[in-house]
Amino acid sequence: MPHSSGGGSSGGGFHSGSSSGPSYRTSSRPFPGASCYVFYGRRGRLHTVYTNGPMTQKKSTTIIGFIMLVAFLILGAVVFFFAGFHNPQKITSQPTASIAIEDYLNVLNETEENQLRATAEEFYTVSGISPSILTVEPETWKGKYPTLEDYAYNAYTSRYKDETHWLIVYSQAGTTWAFEGMQGNDTDSILDRYTTDRFNRCLHEGLTAKKPLGAALEESFRLILPDMMKPAFHAETGPLVFFIVWEGICLVGLGGMILHTYRQKGLKNAVKVEGTLTKKRCPVCGNEYVEGTTPRCLKCGSYLGFRDSTIE
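So, how was this worked out
Residues numbered from 1 in each chain as written. Predicted model: local features only at pLDDT ≥ 70, side-chain atom pairs only at ≥ 80, totals over all residues. Heavy atoms only, no water. Phe/Tyr/Trp six-rings, centres within 6.5 Å; stacked < 30°, edge-to-face > 60°. Buried < 20%, exposed > 50% of the residue type's maximum accessible area, 1.4 Å probe, protein only. Salt bridge = Lys/Arg side-chain N within 4 Å of Asp/Glu carboxyl O. Helix = DSSP H or I, 4+ residues; strand = E, 2+ residues; numbered from the N terminus. Expected span 1.5 Å × (residues − 1). Arc of directions from axis to C-beta. 1 Å grid on protein atoms, 1.4 Å probe; cavity = no way out; pocket = protein on both sides within 12 Å on 5 of 7 lines; lining within 4 Å. Points joined across faces, edges and corners; volume = space filled by probe spheres on them. Nonpolar A, V, L, I, M, F, W, Y, C, P; charged D, E, K, R; others polar. Lys, Arg positive; Asp, Glu negative; His and termini not counted. Contact = heavy atoms within 4.5 Å. Pairing = 2+ DSSP bridges. Core = buried A, V, L, I, M, F, W, Y, C linked by side-chain atoms within 4.5 Å.

*Asks:* Hey, could you run me through the packing of aromatic side chains in this one?
*Replies:* Aromatic rings considered in pairs are described by the distance between their centres and by the relative angle of their planes. Considering all chains together, one arrives at eight aromatic pairs under this definition. A ring pair is formed by Tyr145 and Tyr151, whose centres lie 5.4 Å apart and whose planes are at 70°; its orientation type is edge-to-face. Judged by its relative accessible area of 9%, Tyr151 falls in the buried class. Note on Tyr156 and Tyr160: the rings are 5.3 Å apart at their centroids and 70° apart in plane angle, and the pair reads as edge-to-face. Across this residue pair, the class does not change: Tyr156 and Tyr160 are buried.

So this is what it looks like as structure tokens:
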């Protein structure tokens, strides 16, 4: 096929020509300029291919195609692994602990407060994160902030100028209570979603069971302390869905390439048909073939002689 060698105009400079090579077309149906090739597939099934290029260049798949699909398959698994693998490292940017327990609701007795402070200091020693507790009445934030989360954010930023704290805000009026955690960005590798979900679930269950706030908090901290600094793999919903879809597409593509290659493996033995294509049937098994392309039936092995009948 011809292609441009370049050109130009008086007002627009010039442009280079296309460097593309010849373009070939392959089809299962005849088209102008095409030659017909015949090959036999599984159980001697007849296949015809029409192409305007050399048959030696026609491959259903290539090694590069397989390599790329396998590479994408592996890439998806690697990305998923690194997205779900957590290797917490202790925070060292905060030289000393800055732990505060501000109990404006007076729901923590002295023993509970001392125990929580000791647990928070242990938490800091292990992780480098400073936990703090703040209890407030609903009137402190309702009507001033849309949600308790917004109030917790403001409470964090007004108290701390770093990203190494974990502030737990608790609000209660009568039997109605709520809590919200606010963590600095530097804590994310330790307080990942898996860890904070465990803490929140334990605290919620404790408060629902009408445990005192001090006991519920102590139990929640003790739940996550032993494992939070251990390397672990946690598959979250977003990365998991991406992994399944990505791997599924790659596997379908790879499977399609393998199936197509298997079905078209007879291409390497394709025979060019000169002149008129005459289809016949084997007199023994009725398998279809093209006259002049095979001396024996590729299905039953019978010799193809004068008894063959031309297909109508």
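*Asks:* Got a minute to help me understand the pattern of salt bridges in this structure?
*Replies:* Applying the stated criterion to the full structure yields nine salt bridges. In this structure, Lys211 and Glu219 form a salt bridge, with 2.7 Å as the shortest nitrogen-oxygen distance. Residue class for Lys211 comes out partly exposed when judged on its relative accessible area of 35%. Among the ionic contacts, a cluster of salt bridges with common partners joins Glu122, Glu218 and Arg222.

*Asks:* Can you walk me through helix α4 (residues 148-159) in this structure?
*Replies:* Owing to its 3.6 residues per turn, the α-helix aligns residues three or four sequence positions apart on the same side. When the terminal C-alpha atoms of α4 are compared, their 16 Å separation across 12 residues agrees well with the 16 Å that a helix rising 1.5 Å per residue should span. Three or more residues of α4 are buried, namely Leu148, Tyr151, Ala152, Ala155 and Tyr156. The buried residues of α4 occupy one face: seen down the axis, they fall within an arc of 135°.

*Asks:* Explain empty space enclosed by the protein to me, please; I cannot follow it from the model alone.
*Replies:* Think of a ball as big as a water molecule: rolled over the atoms, this probe shows where empty space is left. Scanning all chains against the criterion turns up one cavity of 30 Å³ or more. In this model, the largest cavity occupies a volume close to 40 Å³. Every residue lining the largest cavity is listed: Ile99, Ala100, Ile101, Leu116, Ala120, Pro131, Ser132, Ile133 and Phe221. Among the secondary structure elements, those contributing two or more residues to the lining of the largest cavity are α2 (110-127) and β8 (130-136). At three residues, β8 tops the list of elements feeding residues into the lining of the largest cavity. Looking at the lining of the largest cavity, its residues break down into eight nonpolar, one polar and no charged.

*Asks:* What exactly am I supposed to notice about the side chain of Glu112 here?
*Replies:* Residue position: Glu112 is located in helix α2. No salt bridge is formed by the buried Glu112. Its closest oppositely charged neighbour is Lys211, at 12 Å. Ignoring sequence-local partners within four residues, the contact set of Glu112 consists of Val107, Pro212, Gly214 and Ala215.

*Asks:* Any chance you could explain the pairing of strand β4 (residues 35-40) here in plain terms?
*Replies:* On any regular strand, side chains alternate: one points to one face of the sheet, the next to the other face. Burial analysis of β4 places five of its six residues in the buried class, which makes it a mostly covered element. One ladder, built from six bridges, connects β4 with strand β5 (residues 46-51); its direction is antiparallel. Residue pairing for β5: Tyr37 is matched across the bridge by Val49. Adjacent in sequence and paired antiparallel, β4 and β5 are bridged by five residues, among which Arg43 carries a positive phi angle near 55°.

*Asks:* Before we go on, may I ask you to explain the nonpolar core in this structure?
*Replies:* Soluble globular proteins tend to pack their nonpolar side chains together in the buried interior. Ranked by internal contacts, the top residues of the largest apolar core, which has 24 residues, are Phe123, Trp166, Phe199 and Leu217. Counting only elements with at least two residues in this core, the list comes to α2, β9 (165-173), α5 (193-208) and α6 (213-224). A total of five residues in this core trace back to one element, the largest contributor, which is α6.

*Asks:* When you look at the side chain of Ser132 in this model, what are you seeing that I'm missing?
*Replies:* Mapped onto the secondary structure, Ser132 falls in strand β8. Given a relative accessible area of 1%, Ser132 falls into the buried group.

*Asks:* For this particular structure, what's the right way to read the environment of Glu180?
*Replies:* With respect to the helices and strands, Glu180 occurs in strand β10 (residues 176-183). Classification of Glu180 by relative accessible area gives partly exposed; the value is 24%. Sequence spacing of Glu180 and Ala152 is 28 residues, and the spatial spacing of their C-alpha atoms is 6.7 Å. In this structure, Glu180 is in contact with Leu148, Glu149, Ala152, Leu167, Ile168 and Val169, ignoring residues within four places of it in sequence.

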